[in-house]
Amino acid sequence: MTFSNPHAGGTIITLKSQGAVTITSSATRAIDLRSLGATAGTGGVGTDGAGTAGTQGNFILDATAHNGAAGLIGGGGAGGAQYTTSPLYSKTYIYLKSIFLACGSGGGGGSGGNGTTGNGGAGGRGAGCLAIECAGALNFTGTIDGSGAVGTNGSNGTDTGGGGGGGGAPGMILMMYTTLTANTGTMTTTGGTGGAGGTVSVPSGTPGRGGGAAGSFGGAGGAGAPQGGSQDGAAGGTGAGGGGAAGRGTGVAAGSGGAGGASDSGLVIK
């Protein structure tokens, strides 16, 4: 099951059944929520072009920024924060029998390089959100993929390479049932990995370009591009919530990696 034409702030999908729900598809992804979340930021173009921040996911109700910030000259963007009070676990919401779910936020774009080449990488888009209400028996042995998209690598430059894009945040998955037949399936809610920083071909001594930050909950920040005296870029951050590595080099400061987003989880409840 796939979906198209997601909203810029992400799409929430609700599936309701008066009877049983069976998710046992042999396909790699029985339900695919990837890239249905909030849009990502764009990478900056060469000549110090600034990247843009990712979009905040729809239906996030607190006042904290959860989208990934754009990379900076010489520094990485700030990662998206976790919910101030997580709606999934707030006692007030439980007492009121309310359920609040949100889409994954987008990762920020990396900063552009110093020369006319060396563009920043675009951030990864967040994943969509899924709620399944099963009034009968739930039989879940398939796979639901709510992982965030990876950030794009920054391109190589003459004076300074572009910073990598931050990974997109995963979506939320909630399945509610009356009786349970099986719950051996897989729900993937991993943040997208940050892109690598571009390399530099002509050392110039200019500061490195920062990687874009990851959207919460659980993306990895993009790697910073190396400073102008370095010949190699750094690998992107790995794992949910891990910040991207800084660009390597000597002399002036390398561009730092963007910060990783905070993480949350999916639920299967009776």
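Each remark here, short or long, concerns the structure printed above.
Described in the following lines is the structure provided in the data block. (Residues numbered from 1 in each chain as written. Predicted model: local features only at pLDDT ≥ 70, side-chain atom pairs only at ≥ 80, totals over all residues. Heavy atoms only, no water.)

## Side note on the overall build of the chain
Tallying secondary structure elements over the chain gives one helix and 10 strands in all. For the chain, the N- to C-terminal ordering of α and β elements is β-β-β-α-β-β-β-β-β-β-β. Taken across its 270 residues, the chain has 50% of its residues classed as buried. Considering only contacts within the chain whose residues lie at least 6 apart along the sequence, 76% involve residues at least 24 apart. A total of about 10400 Å² of accessible surface is found on the chain, and carbon and sulfur atoms cover 54% of it. (Helix = DSSP H or I, 4+ residues; strand = E, 2+ residues; numbered from the N terminus. Buried < 20%, exposed > 50% of the residue type's maximum accessible area, 1.4 Å probe, protein only. Contact = heavy atoms within 4.5 Å. Areas by Shrake-Rupley, 256 points an atom, 1.4 Å probe, with all protein chains shown as cover.)

## So, the environment of Ala122
Along the chain, Ala122 turns up in the loop between α1 (91-95) and β4 (129-134). Separated by 43 residues in the primary sequence, Ala122 and Gly165 place their C-alpha atoms 4.7 Å from one another. When sequence neighbours within four positions are dropped, the list of residues in contact with Ala122 reads Gly41, Thr42, Gly43, Gly109, Gly151, Thr152 and Gly165.

## Observations concerning the nonpolar core
Counting residues in hydrophobic clusters, the biggest one holds 16 residues, and the most contacted among them are Ile23, Leu33, Leu130 and Ile144. Only β2 (21-23), β4, β5 (137-140) and β7 (173-176) provide two or more residues apiece to this core. The leading source of residues in this core is β4, at three residues. If near-sequence neighbours (up to four positions away) are discounted, Ile144 is found in contact with Ile23, Ile31, Leu33, Leu130, Ile173, Met175, Thr186, Met187 and Thr188. Membership of the second largest hydrophobic core comes to six residues, among which are Cys103, Cys129, Ala131 and Leu174. (Core = buried A, V, L, I, M, F, W, Y, C linked by side-chain atoms within 4.5 Å.)

## So, the side chain of Asn67
Looking at the element boundaries, Asn67 is found in the loop between β3 (31-32) and α1. Exposure remark for Asn67: the relative accessible area of 19% places this residue in the buried category. Engagement of the side chain of Asn67 in a polar contact is seen with the backbone oxygen of Gly54, the distance being 2.7 Å. (Polar contact = N/O pair within 3.5 Å; in protein donor to acceptor, adjacent residues only side chain to side chain.)

## Observations concerning the sheet that holds strand β8 (residues 179-183)
Reading across from one edge, β2-β5-β8 is the order of the three strands in this open sheet, with parallel pairing throughout. Edge positions in the sheet fall to β2 and β8, since each of these pairs with one other strand and no more. Between one strand axis and the next, the sheet turns by 5 degrees as a mean value, whatever way the strands run. As judged from the three bridges shared by β2 and β5, these two strands associate in the parallel manner. The residue bridging Ile23 from the neighbouring strand is Phe140, located in β5. (Pairing = 2+ DSSP bridges. Axes fitted to C-alpha atoms, helices over the stretch in contact; angles between N-to-C directions.)

By themselves, these are just geometric observations and shouldn't be taken as functional.
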